[in-house]
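# Secondary and tertiary structure notes
One-letter residues, chain by chain:
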Amino acid sequence: MNTYKDYIKQIEERKGQGLNPQPIDGAELLSEIIAQIKDVNNEYREDSLNFFIYNVLPGTTSAAAVKAKFLKEIILGESVVEEITPAFAFEQLSHMKGGPSIEVLLDLALGEDAAIAADAAKVLKTQVFLYEADMALLENAYKAGNPIAKELLESYSQAEFFTKLPDVEEKIEIVTYIAGVGDISTDLLSPGADAHSRSDRELHGQCMFEHNKDMQNELLALKEQHPDKRVMLIAEKGTMGVGSSRMSGVNNVALWTGVPFSPYVPFINFAPVIAGTNGIAPIFLTTVGVTGGIGIDLKNWVQKKDAEGNTVVDADGEPVLEEVYSVATGTVLTINTKTKKLYNGDKELKDISAALTPPKMEFIKAGGSYAVVFGKKLQTLACKILEIDIPQVYAPSKEVSVEGQGLTAVEKIFNKNAVGNTPGKTLHAGSNVRVEVNIVGSQDTTGLMTSQELEMMAATIISPIVDAGYQSGCHTASVWDDRSKANIPRLMSFMNDFGLITARDPKGQYHAMTDVIHKVLNDITVDDWDIIIGGDSHTRMSKGVAFGADSGTVALALATGEATMPIPESVKVTFKGEMRSFMDFRDVVHATQQQMLKQFGGENVFQGRIIEVHIGTLTADQAFTFTDWTAEMKAKASICISEEETLIESLEISKGRIQIMIDKGMDNDNKVLQGLVDKANARIQELKTGIKPALKPDADANYYADVVIDLDEIAEPMIADPDVNNDDVSKRYTHDTIRPLSFYGGTKKVDLGFVGSCMVHKGDMKILAQMLKNIEAQHGKVEFKAPLVVAPPTYNIVDELKAEGDWDVLVKYSGFEFDDSAPKGLARTKYENMLYLERPGCNLCMGNQEKAEPGDTVMATSTRLFQGRVVKDTGEKKGESLLSSTPVVVLSTILGRTPTMAEYEAAVDGIVLTKFKPSTKQLVS
């Protein structure tokens, strides 16, 4: 969109969709709009004024630079616009959130006109997005005796940009809206199929509730009935926001129910209120904090107890729930931020202190966590320049230290990477900690939002303390359509300029490199003491500790090299017994969830905590299958405790794959990838010499729970079933229904199989190749009675399979092989009964480009079984996505149904599915 006429044409097109004009981010268009404003007789002048004032994106967009420059001209009297006085120009600058606006304000504040300088300083005192270069300018002026510079630094040192904000209102009146019964996936709030529109907030808002217009109209009607209240979205009998962090989901909730952030920046709302019977999924709750929202754990349904205090169960052995209080749609409640209680009239319903902790209250007051993070940094820099101690303005970070208690693995990592805490103090779970981040990952369907967040933070380059940043192309890899061609090269160029390693050629030419974000992050994490932040819920590495995050938290980590969060409690998982030869490690993963729920009477002790899995002998490649699934266990994150020899082997694998990335030309001018190889070599040397052993918890560490998985109990493949026809709606589409293969009696029809996503590794591809050879040897040919879609996780793995001969085997049996010289331009909607070798990427697991045919029963290795994610329903049949191991998926497509145990054992005979066995060593220090 290069001209005003193009913009007008686009506006007319958007009117047909019920949309307003798209916010302006380009310099060329805004320059033409300014020219029309200056021409008092221009026919488009009035509209141009409105666009300039109310419809320009702030931060470091090229349009923001043009706007700031013109406002400066108005303030200096170089341009006169009757409708924009100098005072109004200053007000406009105050809403532009850093970057060019700060440059203009500093120039005016340090200029010779005293009156203008005073007005500029008044605005600057409210701003927080200042960086080191801005502070260096102030420092030089201060040392030269400039009184305005001194005044600004003193204001920043006292954090007046925060203290002078209005206090959080004592009573927040809300009206409830039940968005669903049972767990609510972020796909309901921001469907994966609409990922392409996430950066266009108004357009993306139309997909709320998966485009359910009836629900949208109900919500609008509720707002009309209660114009003085906020709507609280609720997951009744479930957890809100499972599946991913999805900033776009919170943005949509805020757009429909929140408060406008600025009158001059459209479609950016904040302060949403959401809740769930079982609270908010951990990473989604972080995203709520980014927007200054409130997330409440209602506990309005609890397990019924008998007279002896035992849990009452139903005929299926499931706990019976009883309602403690109602939150039915339309119920008016009050959040009291002083008493930290939830009320219905005068009746107290629930203590909600956990939703209104001092740090969270600061987020609410400041309009989001960014303002607090940058505010603390700005205060620290100002005090350093003034050479004074930092005044205690913000709530002190909670520091929990238990005398004589050892440390879990995550506590050790947080203590090592913490900044700003009391020197020498050992911190335990429950402490709030600022930590330095080693690896940051951005994925492509949220990457455009991350780039917008970086622009709004006025950030221009990755923090020097980050070892590496990576931008994937995996979520849009299935189909190289017009949207991808328009968005992905632009995203790769932005992120490459920012300092990240990019999965696609940043020059805008399609070029196959490495892909699935979680697998690549797992490869480029080269220290078991690292902290990783990634823009996807499956950012859960098997080295170090990784946290899935929203696009904004990713932007914050890229810009500052830091993250702030409480140290979570840990649950220890160990293993006993011995695996049967025909079991896959995926079966261990599912059995862990099943046995944990059984051991704790249906309570998910993993939810919101760290799973510390004593994996011992399994390399990071294969162990990732466990850590990846911990997102479905609703854990905050996971940590693998490995033997030294195993960790060395994992690091050698990482080194090899990073070197391939270097050889492909993926390294940048800063030699980031080479730095990772050097770091891996140093860590290997530490392990070999014993200078620094592998990460292990202390023997006297404290855990929320100990879970022991008995491998002897795993007698057959385990399948996660969405249970789509369960009479209790709240129990559908959870990941907690784990069933043995025999449950299906060898008769359940399977319409499509999928081997792919981040849950598989190179070994799965080799198992697939060997199974096909076995089946041909046993039956004389390989014939598929259902389609089998195969998407390897990374190009590196494809290259390794080609070198070892396995790829040729897969090609032999396939009916389709991806071709990067002519990538697929349209999503496949019909499948034949054959093997499809698709491009490395997320493919069906993401559900944003390709899906199974509606109503299909899919057997998949992927992670998601939510309604509509992999397969949509039809009027006659619900689509269902059953999750299982690679061997089960492959055999199901050969047979067109679930296999019997006899068929399964015959198909995997002679194949080593996993070498996992419990460690015989004490994995503690």
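Scroll up a little and you will see the structure.
All of the points below concern the structure found in this document. What you see is a predicted model; the values in this text were computed from it and never measured. (Residues numbered from 1 in each chain as written. Predicted model: local features only at pLDDT ≥ 70, side-chain atom pairs only at ≥ 80, totals over all residues. Heavy atoms only, no water.)

## Re the overall build of the protein chain
Looking only at helices and strands, the protein chain has 31 helices and 33 strands in total. Computed over the C-alpha atoms, the radius of gyration of the protein chain is 28 Å, within 12% of the 29 Å expected from 2.2 N^0.38 for a compact globule of 925 residues. Reported as C-alpha extents along the three principal axes, the dimensions of the protein chain are approximately 90 × 65 × 65 Å. Of all intrachain contacts in the protein chain linking residues separated by at least 6 positions in sequence, the fraction that spans at least 24 positions is 73%. A total accessible area of about 34,500 Å² is found for the protein chain, and carbon and sulfur atoms account for 49% of it. Looking at charge distribution, the protein chain has the averaged site of its 93 positive side-chain charges lying 1 Å from that of its 129 negative ones. (Helix = DSSP H or I, 4+ residues; strand = E, 2+ residues; numbered from the N terminus. Rg over C-alpha atoms; globule rule 2.2 N^0.38 Å. Contact = heavy atoms within 4.5 Å. Areas by Shrake-Rupley, 256 points an atom, 1.4 Å probe, with all protein chains shown as cover. Lys, Arg positive; Asp, Glu negative; His and termini not counted. Charge placed at Lys NZ, Arg CZ, Asp CG, Glu CD.)

## Some details on the state of the cysteines
Here the structure, examined in full by the defined rule, presents zero disulfides. With no disulfide of its own, Cys 758 lies 5.9 Å from the sulfur of Cys 845, the closest cysteine sulfur. (Disulfide = S-S within 2.5 Å.)

## Re the packing of helix α4 (residues 62-76) against helix α6 (residues 100-109)
Where α4 meets α6, the axes come as close as 8 Å, and the angle between the chain directions of the two elements is 25°. Overall, the two elements α4 and α6 adopt an arrangement that is roughly parallel. You can see that α4 and α6 cross each other, and the crossing is right-handed. Contacts between α4 and α6 involve Ala 64, Ala 65, Ala 68, Lys 69, Lys 72, Ile 75 and Leu 76 from the former and Pro 100, Ser 101, Val 104, Asp 107 and Leu 108 from the latter. (Axes fitted to C-alpha atoms, helices over the stretch in contact; angles between N-to-C directions. Parallel < 35°, antiparallel > 145°, perpendicular 65-115°, else oblique. Left-handed = near helix turned anticlockwise from the far one by under 90°.)

## With respect to the environment of Ile 532
Tracing the sequence through the fold places Ile 532 in strand β19 (residues 531-534). For Ile 532 and Gly 258, which are 274 residues apart along the polypeptide, the C-alpha to C-alpha distance reads 31 Å. Beyond its immediate sequence surroundings of up to four residues, Ile 532 is in contact with Ile 439, Leu 521, Thr 525, Thr 539, Met 541, Lys 543, Gly 544, Val 545, Ala 546 and Phe 547.

## Some points on the sheet that holds β19
In spatial order, the strands read β18-β17-β16-β19-β20; together these five strands make up an open sheet with parallel pairing. Among the strands making up the open sheet, the edge pair consists of β18 (501-502) and β20 (545-548). (Pairing = 2+ DSSP bridges.)

## A short note on the nonpolar core
In this structure, Phe 52, Ile 84, Tyr 156 and Met 457 are the most contacted members of the largest nonpolar core, which totals 111 residues. By residue number, the principal contributor to this core is α4, which donates eight residues. In this structure Tyr 156 touches Leu 124, Lys 125, Gln 127, Leu 130, Met 135, Leu 138, Phe 161, Leu 378, Gln 379 and Ala 382, once residues within four positions along its chain are discounted. By size, the runner-up hydrophobic cluster in this structure holds 91 residues, among which are Met 583, Ala 635, Phe 818 and Val 890. (Core = buried A, V, L, I, M, F, W, Y, C linked by side-chain atoms within 4.5 Å. Buried < 20%, exposed > 50% of the residue type's maximum accessible area, 1.4 Å probe, protein only.)

## Quick notes on the packing of aromatic side chains
Across all of its chains, the model carries 22 aromatic pairs by this definition. Ring geometry for Phe 162 against Tyr 394: centres 4.7 Å apart, planes inclined by 35°, an arrangement best described as tilted. With Phe 162 in helix α10 (residues 160-163) and Tyr 394 in the loop between α17 (369-386) and α18 (409-417), this residue pair connects regions lying 232 residues apart in the sequence. Side by side, Phe 162 and Tyr 394 carry an identical accessibility label, which is buried. Members of the aromatic cluster, each reached through a chain of ring pairs, are Tyr 4, Tyr 7, Tyr 44 and Phe 51. When the ring centre of Tyr 704 is taken as origin, the NZ or CZ atom of Arg 609, which lies over that ring, is 3.5 Å away. Lying over the aromatic face of Phe 816, Arg 828 brings its terminal NZ or CZ to 4.8 Å of the ring centre. (Phe/Tyr/Trp six-rings, centres within 6.5 Å; stacked < 30°, edge-to-face > 60°. Lys NZ or Arg CZ within 6 Å of the ring centre and 35° of its normal.)

## Things to note about helix α16 (residues 358-366)
Within α16, the full set of buried residues consists of Met 361, Glu 362, Ile 364, Lys 365 and Ala 366. Those residues of α16 that are buried lie in contact with α10, β8 (294-297) and α17. Following α16 by one or two positions, Gly 367 adopts a phi angle in the positive range, close to 85°.

## Concerning the pairing of strand β13 (residues 347-351)
Of the pairings in the sheet, the one linking strand β12 (residues 341-344) to β13 comprises four bridges and is antiparallel in character. Pairing of Asn 344 across the sheet is with Lys 347, part of β13.

## Concerning the environment of Val 253
Along the chain, Val 253 falls in helix α14 (residues 247-257). In this structure, the C-alpha to C-alpha distance between Val 253 and Ala 769, residues 516 residues apart in sequence, is 45 Å.

## Description of the pairing of strand β22 (residues 570-576)
β22 sits mainly inside the fold: five of its seven residues count as buried. Pairing analysis gives four bridges linking β22 to strand β23 (residues 610-616), with the strands arranged parallel. By the bridge assignment for β23, Ser 570 is matched with Ile 610. For the handedness criterion, the β-α-β arrangement of β22, helix α23 (residues 585-599) and β23 is classed as right-handed. Here six bridges tie β22 to strand β25 (residues 705-710), and the two strands are oriented parallel to one another. The partner of Lys 576 across the bridge, within β25, is Asp 710. (Right-handed = clockwise from strand over helix to strand, strands pointing away.)

## A short note on the environment of Leu 741
When you line up the elements, Leu 741 lands in the loop between β27 (738-740) and β28 (752-756). Residues Leu 741 and Glu 716 lie 25 residues apart in sequence; the distance between their C-alpha atoms is 6.4 Å. Leaving out residues up to four positions away in the same chain, Leu 741 has contacts with Glu 716, Pro 717, Ile 719, Val 888, Pro 899, Thr 900, Met 901 and Tyr 904.

## Some points on unusual backbone geometry
At Lys 97, a position not held by glycine, the phi torsion is positive, near 55°. Following the sequence through the fold, Lys 97 ends up in the loop between α5 (86-94) and α6. A positive phi angle, near 60°, is found at Phe 209, a position not held by glycine.

## Focus on helix α2 (residues 27-38)
With 12 residues, α2 extends 16 Å between its outermost C-alpha atoms, agreeing within 8% with the 16 Å of an ideal straight helix rising 1.5 Å per residue. The set of residues buried in α2 consists of Leu 29, Leu 30, Ile 33, Ile 34, Gln 36 and Ile 37. Summarising the axial view, the buried residues of α2 lie within an arc of 160°, below the 170-degree limit, and thus occupy one face. The secondary structure elements touched by the buried residues of α2 are α1 (4-15), α3 (45-54) and α4. (Expected span 1.5 Å × (residues − 1). Arc of directions from axis to C-beta.)

## A closer look at the side chain of Ser 431
Here Ser 431 is to be found in the loop between β14 (418-419) and β15 (432-436). A polar atom in the side chain of Ser 431 sits 2.8 Å from the backbone oxygen of His 428. (Polar contact = N/O pair within 3.5 Å; in protein donor to acceptor, adjacent residues only side chain to side chain.)

## Points about the pattern of salt bridges
What the rule picks out here adds up to 57 salt bridges. In this structure, Lys 679 engages Asp 530 in a salt bridge whose closest nitrogen and oxygen atoms are separated by 3.0 Å. Here the residue Lys 679 occupies a position in helix α26 (residues 672-689), and Asp 530 occupies one in the loop between α21 (517-524) and β19, the gap between them amounting to 149 residues. Across the pair, Asp 530 and Lys 679 agree in class, each one buried. Of the charged contacts, one joins Arg 657 and Asp 621 as a salt bridge, the two residues approaching to 2.9 Å between their closest N and O atoms. In this pair, Arg 657 sits in helix α25 (residues 644-663) while Asp 621 sits in helix α24 (residues 620-629), placing the two residues 36 residues apart along the sequence. (Salt bridge = Lys/Arg side-chain N within 4 Å of Asp/Glu carboxyl O.)

## Considerations on the side chain of Arg 45
Inspection of the secondary structure assignment puts Arg 45 in helix α3. In this structure the side chain of Arg 45 is engaged in a polar contact, spanning 2.9 Å, whose partner is the side chain of Glu 83. Setting aside residues no more than four positions away along its own chain, Arg 45 makes contact with Gln 36, Ile 37, Asp 39, Val 40, Val 81 and Glu 83.

## Considerations on the sheet that holds β12
Taking strand neighbours across the sheet as the criterion, the seven strands line up as β8-β7-β3-β1-β11-β12-β13 in an open arrangement whose pairing is mixed. The sheet terminates laterally at β8 and β13, the two strands that pair on one side only. On average, each strand axis in the sheet is tilted by 30° relative to the strand beside it, whichever way the strands run.

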